[in-house]
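This is what each chain is made of:
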Amino acid sequence: GQQVMQIPQYQHVQEGEDFTTYCNSSTTLSNIQWYKQRPGGHPVFLIQLVKSGEVKKQKRLTFQFGEAKKNSSLHITATQTTDVGTYFCAGPSGTGGTSYGKLTFGQGTILTVHP
Amino acid sequence: SAVISQKPSRDICQRGTSLTIQCQVDSQVTMMFWYRQQPGQSLTLIATANQGSEATYESGFVIDKFPISRPNLTFSTLTVSNMSPEDSSIYLCSVGRGDYGYTFGSGTRLTVV
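Counting from 1, residues in each chain are numbered in the order their sequence is written. Note on labels: chains are lettered from A, ligands numbered from 1, in written order. Given that the model is predicted, a residue must reach a pLDDT of at least 70 before its local features are reported, and side-chain atom pairs must reach 80 or more before they are shown or counted; all residues, however, enter totals for whole chains, interfaces and linings. Side-chain measures here rest on the full set of heavy atoms in the structure, leaving out hydrogens and waters.

Draft legend 1. Quick look at the overall build of chain A. The helix and strand tally for chain A stands at 0 helices and 11 strands. Counting from the N terminus, the helices are the DSSP runs of H or I reaching at least four residues and the strands are the DSSP runs of E reaching at least two. Put simply, chain A runs from its N terminus to its C terminus through helices and strands in the order β-β-β-β-β-β-β-β-β-β-β. Structurally, chain A occupies a C-alpha span of about 45 × 30 × 20 Å along its principal axes. For chain A, buried positions account for 46% of its 115 residues. For chain A, contacts bridging at least 24 residues in sequence account for 55% of all contacts bridging at least 6. Accessibility here uses a 1.4 Å probe with only protein chains present; expressed as a share of the type maximum, an area under 20% marks a residue as buried, one over 50% as exposed, and anything in between as partly exposed. Only heavy atoms matter for contacts: two residues are in contact if any of them lie within 4.5 Å across the pair.

Draft legend 2. View of the nonpolar core. Side-chain atoms within 4.5 Å link the members of a nonpolar core, which is a set of buried Ala, Val, Leu, Ile, Met, Phe, Trp, Tyr and Cys residues. The biggest cluster of nonpolar side chains holds 26 residues, and the ones touching the most others in it are W34, I46, F66, I68, L78, Y91 and L110 of chain B. Those elements giving two or more residues to this core turn out to be strand 3 (19–25), strand 4 (31–37), strand 5 (43–50), strand 8 (75–80), strand 9 (89–96) and strand 11 (108–112) of chain B. The element that contributes the greatest number of residues to this core is strand 3 of chain B, accounting for 4 residues. The residues contacting I68 of chain B, other than those within four sequence positions of it, are W34, A47, A49, A55, Y57, S76, T77 and L78 of chain B. Core analysis: the second largest hydrophobic core is formed by 19 residues, W34, L46, L61 and C89 of chain A among them.

Draft legend 3. Region of interest: the pairing of strand 11 of chain B. Residues and elements named next belong to chain B. Across the two faces of strand 11 the burial differs, with T108, L110 and V112 buried and R109 and T111 not buried at all. Here strand 2 (residues 10–13) pairs with strand 11 via 4 bridges, running parallel. Among the inter-strand pairings, R10 is bridged to a residue of strand 11, identified as R109. Bridging between strand 9 and strand 11 involves 3 bridges; their strand directions are antiparallel. Across the sheet, the residue bridging to S89 is L110, located in strand 11. Being paired, for any two strands, means DSSP has found at least two bridges between them.

Draft legend 4. How the structure looks around the confidence of the model for chain A. Confidence scores here are pLDDT values: one per residue, from the predictor, ranging 0 to 100. Residues of chain A with pLDDT of at least 70 account for 94%, and the chain-wide mean is 93. Here residues 95–99 of chain A is modelled with pLDDT under 50, and outside its nearest four sequence neighbours on either side it reaches 10 contacts, counting other chains as well.

Draft legend 5. The environment of E67 of chain A, seen in detail. Residue and element names in this part refer to chain A. Among the structural elements, E67 can be located in the loop between strand 7 (61–65) and strand 8 (71–76). You can call E67 exposed: its relative accessible area is 64%. For E67 and R38, which are 29 residues apart along the polypeptide, the C-alpha to C-alpha distance reads 30 Å.

Following this line, the structure appears as C-alpha cells:
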C-alpha cells in the first residue's frame, strides 16, 4: 500500500534558526497537505499543494511540491517559539484520490525551539 | 472550514468496559473519518463513516471492536468496546473540506486502567 515517509523524526533548533522537514511518497500524489499539531492539540490544516513543482508561502513558511509529485518539503525561516509542534504531511490514499477521501499521514517531525 | 465538536475530551475507563465518542459537525458532510493517535506518533485511520451505509474499516480494525454509527450527515459516534490498556490512545474524528484540507475534532484522550 501507499507509504508516506517523513524526515527527520525530531528537530531541535535555536530560536532564529531555520527548519526543514521532508516528505516522500511511494506513489504519485494528486495533492499533498501539511498539518501542524501543537503539543496537546489536534492537527490543524496549513496548506494544500496540487501542481507539480508548486511553491507556496505563508509568512515564514515555504512549502514545495516536487516535480514528480512524490515529494514535498516545508521550510520555516527564522524559527520562533510559537513554531513548536509536530508537522505532518499527508497525501490522498489510493489512486485518483480527492481531498474528500482518505489520507495517509507521514510520521511527522517534532520540532522543538530553544529560546 | 467546518467546526467539529468532539466529546468527551478525555476519560479514564476500566478494562472490559466500552466508551462512545461523539462528533458533531456544524455542516453536512458525506464522509467522516476516525483516527487513532498514540502519543508522539502519527495518525492511523480506523474507519470511514458514510451516512446510510456501513462504515469501511482499515486493516487491523474491526467492527466488533470499533462499532461506528452515522445516523445523519452531521453526526457520528465511535465506540471502543471491551477496552484493554492497549486501547489507551487519542481518538480523533475528521471531515474533509476540499481545498481547505481536513478539519479535526479536538480529540478524546482515553486511558484504560
